[in-house]
Number of protein chains: 2
Amino acid sequence: MNPTIKDVARLANVSYSTVSRALANRPGVNEATRCKIIRAAEELNYRPNAIARGLVRGQTLSMGLIIPDITNPFFPEVHRGIEDGARESGYSVFLCNTNWERERETHYINLLIEKRVDGIIIAPISDTVDKIEEELKSNIPVVYVSNLPPKTDRSCVAIDNIRGGFLATKHLIESGYREIGFIGAPEGSFSIDQRLEGYKLAFRKYGMKLDQRFICFGDFKRETGYRIIKRMIEEGIYPRAIFAENDLMALGVLQGVKESGLSVPGDIAVVGFDDIPFASFPEVQLTTIRQPKYEMGKMAVQLLLNDIRASNNGLRKELSCRKIILEPELIVRKTG
Amino acid sequence: MNPTIKDVARLANVSYSTVSRALANRPGVNEATRCKIIRAAEELNYRPNAIARGLVRGQTLSMGLIIPDITNPFFPEVHRGIEDGARESGYSVFLCNTNWERERETHYINLLIEKRVDGIIIAPISDTVDKIEEELKSNIPVVYVSNLPPKTDRSCVAIDNIRGGFLATKHLIESGYREIGFIGAPEGSFSIDQRLEGYKLAFRKYGMKLDQRFICFGDFKRETGYRIIKRMIEEGIYPRAIFAENDLMALGVLQGVKESGLSVPGDIAVVGFDDIPFASFPEVQLTTIRQPKYEMGKMAVQLLLNDIRASNNGLRKELSCRKIILEPELIVRKTG
DNA sequence: GAAAAGATTGCAAACGTTTGCTATTATTAC
DNA sequence: GTAATAATAGCAAACGTTTGCAATCTTTTC
């Protein structure tokens, strides 16, 4: 169907290995011949078959990115960084969205390995990491991003979530709040556990006592933030401030508070996490902890490319493993 | 590096063609042998090389999706629909984000063709369509989504943008507004031109005169909506209502209006387009035109799969071409 | 018990490239 | 003009699968 290198060779009246060399700009082919070949290729509208090339080269110049939720604006930003970084090095990115479904995650890992991408970047669903490592028994380079398994010998990049949680809570405490709730994803989620740890750290540092009634676990979705605060308010037992584990949930909390006729931050202050674009909208003005999303993506690619190079050189993966922990930043706006 | 089918064959003590048949669950292989082979494959942690398979099969069971802006929540929703639809048919999706850069668009088209995806879904940057068609001289199945070239013999799916523009404007007119502005992307953008046409249609129908000062072209970004309305207000020449060509721009307009000390909809009413999730937030409550994003994605895959099947059967592409135009829906909230 | 039929397995070509090696041709040096 | 060298082009193997066909082995049939 598609013209092959042999069609070009026939038209240009040379052998197909010469065509290959000419089109790849490799030395050792006469300039006149090269021109003739290029013309022939253009005439036939020839596109090299990357699949065949990948087979013999043993590399595909592509990488996979597995994220849990493409509709959370956090991830598109990370993706942009990854894509830009990849392109600069001639790589392209296969984006896979798992929709928070464990089964999709393993599906995509396998798919990417079978497609022989050169490496994978994963923002894992936390409780699947053992499963992931099981699937990954191929020695394909992998870097974790954003949500890091506490112990891993792989390269990874994320922010200091403990510090992020600490900063958010500290800010609320210093603003005078004492009853500060935490709304997060299910326990066992890496980054969230750390943010919670930071939260507890702040309590300890200021000599305050935790109130378990105000620590709630849900998932990562806006609706959940909304539901949780709604229920709290209806039951009449709610804190004076909320540290939500991501901006989406914080937005849900905002909605719940306002729908209940209460005000933010007057009745309930809210601090989020991530600093997605919508957090800075004038209607929202969400106080939050900023993650350098785009930069995280860019760094993740660099780590992955490093690992890929290392594995091509036959280095053991421990040697190339590098961990990058970035600084979170408190952004004070109007909600807390 | 990775185990191949031959390694499995050696371990199971059979020929590698038998391994291929056994693992593909093809008939004609003894049950005992099959078990032995499966065990061997598991022991070696064998993953078939999809690249090699693609080469001989002449299909990759993958498709490309090219979108201009992954940070506009409209597209992730479409993507979800496409991915879900693709997965149901055993396909996987290569998402490419062009960032509104023409050069990236052609880059990705070429890349996808070279990677021999089985088909491509494109939400094109409008003024690149001729270029796209030029690049596409391969006979790969392609369907356009969301932003359709006015004349194309390819399958495509989008909403009725003229009607969408008409509905939005009609709503504003019937709400009593007379000075209604339009903020859109650069002229020549397909879907936008149509929305503008719907806007003009409404003016005509209600016997109103267009005011060219209130028709502005920018791009698709929030900042642009913000900038345009800010400038208008500063110059003191601004309409009483704005129909913004997408929700992102509408949100920018909202911001600009409020920052200028004016109120929405009191001083300026705003209607958007798309109905992205944030439009329904209580802080925003944006009146808008809903596009069935997820469904559009799902339909686009169906069209593409159709075209792929047709092209496998050697049908001419005109035969399989189908166009789906969906109904837009007016969602009245608080901004207009 | 032999022939026929069916089940199972293996052989080898094909997919479209890249690339090491060899063969040919052109150029240079003497 | 010949030998040595450099430049160019071609041959063929390799990458890891799938699959049509042939070969072998087992079972059935009469």
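Residues numbered from 1 in each chain as written. Chains lettered and ligands numbered in written order. Predicted model: local features only at pLDDT ≥ 70, side-chain atom pairs only at ≥ 80, totals over all residues. Heavy atoms only, no water.

(A) The arrangement of the overall build of chain A in detail. Broken down by element type, chain A carries 13 helices and 12 strands. With the C-alpha coordinates of chain A rotated into their principal frame, the extents come out at 85 × 40 × 30 Å. Relative to its full complement of 336 residues, chain A shows a buried share of 57%. For chain A, contacts bridging at least 24 residues in sequence account for 70% of all contacts bridging at least 6. Carbon and sulfur atoms form 49% of the exposed surface of chain A, whose accessible area is close to 14000 Å². (Helix = DSSP H or I, 4+ residues; strand = E, 2+ residues; numbered from the N terminus. Buried < 20%, exposed > 50% of the residue type's maximum accessible area, 1.4 Å probe, protein only. Contact = heavy atoms within 4.5 Å. Areas by Shrake-Rupley, 256 points an atom, 1.4 Å probe, with all protein chains shown as cover.)

(B) Spatial organisation of the sheet that holds strand 4 (residues 142-145) of chain B. All names here are of chain B. An order of 2-1-3-4-5-11 is seen for the six strands of this open sheet, with the pairing classed as parallel. Whereas interior strands pair on both sides, the edge strands pair on one side only; in this sheet they are strand 2 (92-97) and strand 11 (323-326). Direction aside, the axes of adjacent strands within the sheet are offset by 15° on average. In the sheet, strand 3 (residues 119-122) pairs with strand 4 via three bridges, with the strands oriented parallel. When the bridges of strand 4 are listed, Ile 120 appears paired with Val 142. Across the sheet, helix 12 (residues 293-312) is in contact with strand 1 (62-67), strand 3, strand 4, strand 5 (155-159) and strand 11; its angle to strand 5 comes to roughly 170°. (Pairing = 2+ DSSP bridges. Axes fitted to C-alpha atoms, helices over the stretch in contact; angles between N-to-C directions.)

(C) Spatial organisation of the protein's contact with DNA strand D. In the vicinity of DNA strand D, 28 residues are found, and the nearest of them are Ser 15, Arg 21 and Thr 33 of chain A together with Ile 5 and Ser 20 of chain B. By atom count, sugar and phosphate contribute 63% of the portion of DNA strand D lying within 4 Å of the protein. Contacts to DNA strand D include Ser 17 of chain A, whose side-chain N or O atom sits 2.9 Å from a base nitrogen. Here a phosphate oxygen of DNA strand D and a side-chain polar atom of Thr 33 of chain A are 2.5 Å apart. Looking at the surface near DNA strand D, the elements that each hand over two or more residues are helix 2 (16-23) and helix 4 (50-57) of chain A together with helix 1 (5-12), helix 2 (16-23) and helix 4 (50-57) of chain B. A breakdown of the residues in the surface near DNA strand D according to their chemical character gives 11 nonpolar, 10 polar and seven charged. (Near = heavy atom within 4 Å. Polar contact = N/O pair within 3.5 Å; in protein donor to acceptor, adjacent residues only side chain to side chain. Nonpolar A, V, L, I, M, F, W, Y, C, P; charged D, E, K, R; others polar.)

(D) Quick peek at the relation of the copies chain A and chain B. The two copies are related by a screw motion: chain A maps onto chain B through a turn of 180° and a shift of 0.0 Å along the axis, at an RMSD of 0.0 Å. On this basis, the relationship between the two copies can be described by a two-fold rotation axis. Most of the interface of chain A is mirrored in chain B, where 100% of its interface residues are also at the interface. (Least-squares fit on C-alpha atoms with pLDDT ≥ 70 in both.)

(E) Spotlight on the nonpolar core. If you look at the biggest cluster of nonpolar residues, it comprises 156 residues, and the most contacted ones within it are Met 63 and Ile 121 of chain A together with Met 63 and Ile 121 of chain B. In contact with Met 63 of chain A, other than residues within four places in its own chain, are Ile 82, Ala 86, Tyr 91, Ser 92, Val 93, Phe 94, Val 117, Gly 119, Ile 121, Val 301, Leu 304 and Leu 305 of chain A. If you look at the next biggest cluster of nonpolar residues, it comprises 42 residues, including Leu 148 of chain A together with Tyr 108, Leu 111 and Ile 120 of chain B. (Core = buried A, V, L, I, M, F, W, Y, C linked by side-chain atoms within 4.5 Å.)

(F) Geometry of the sheet that holds strand 9 (residues 269-271) of chain A. All names here are of chain A. If you trace the four strands from one edge of the open sheet to the other, you get 7-6-8-9, paired in parallel fashion. Each having just a single partner strand, strand 7 (215-217) and strand 9 make up the two edges of the open sheet. Direction aside, the axes of adjacent strands within the sheet are offset by 15° on average. Bridge count between strand 8 (residues 241-244) and strand 9: three bridges; the pairing is parallel.

(G) A look at the domain arrangement of chain A. Residue and element names in this part refer to chain A. Domain assignment breaks chain A into domain 1 (5-48), domain 2 (60-158 + 293-325) and domain 3 (161-290). A C-alpha centroid distance of 29 Å is found between domain 2 and domain 3. Listed by partner, the interface residues are 13 residues for domain 2 and 14 residues for domain 3. The contact between domain 2 and domain 3 buries some 1100 Å² in all, and 63% of this surface belongs to carbon and sulfur atoms. Three residues stand out in domain 2 for area buried against domain 3, namely Pro 73, Trp 100 and Ser 126, and they jointly supply 38% of the buried area on that side. For the interface between domain 2 and domain 3, the tally reads zero salt bridges. At the junction of domain 2 and domain 3, the tally comes to five residue pairs in polar contact (both at pLDDT 80 or more). (Domains from an automatic or database assignment. Buried area = accessible area lost by both parts, 1.4 Å probe. Salt bridge = Lys/Arg side-chain N within 4 Å of Asp/Glu carboxyl O.)

(H) View of the interface of chain A and chain B. The partner chain B presents 59 residues to the 59 residues of chain A that form the contact. By the criterion of area lost to chain B, the three top residues of chain A are Arg 47, Ile 51 and Arg 87 of chain A, representing 14% of everything that side buries. In this structure, the connection of chain A to chain B is made through six salt bridges. The salt bridge partner of Glu 283 of chain A is Lys 258 of chain B, with a shortest N-O separation of 3.8 Å. Applying the counting criterion to the chain A and chain B interface returns 18 residue pairs in polar contact (both at pLDDT 80 or more). A total of eight residues in the side of chain A that touches chain B trace back to one element, the largest contributor, which is helix 6 (residues 102-114) of chain A. Looking at the side of chain A that touches chain B, its residues break down into 26 nonpolar, 17 polar and 16 charged.

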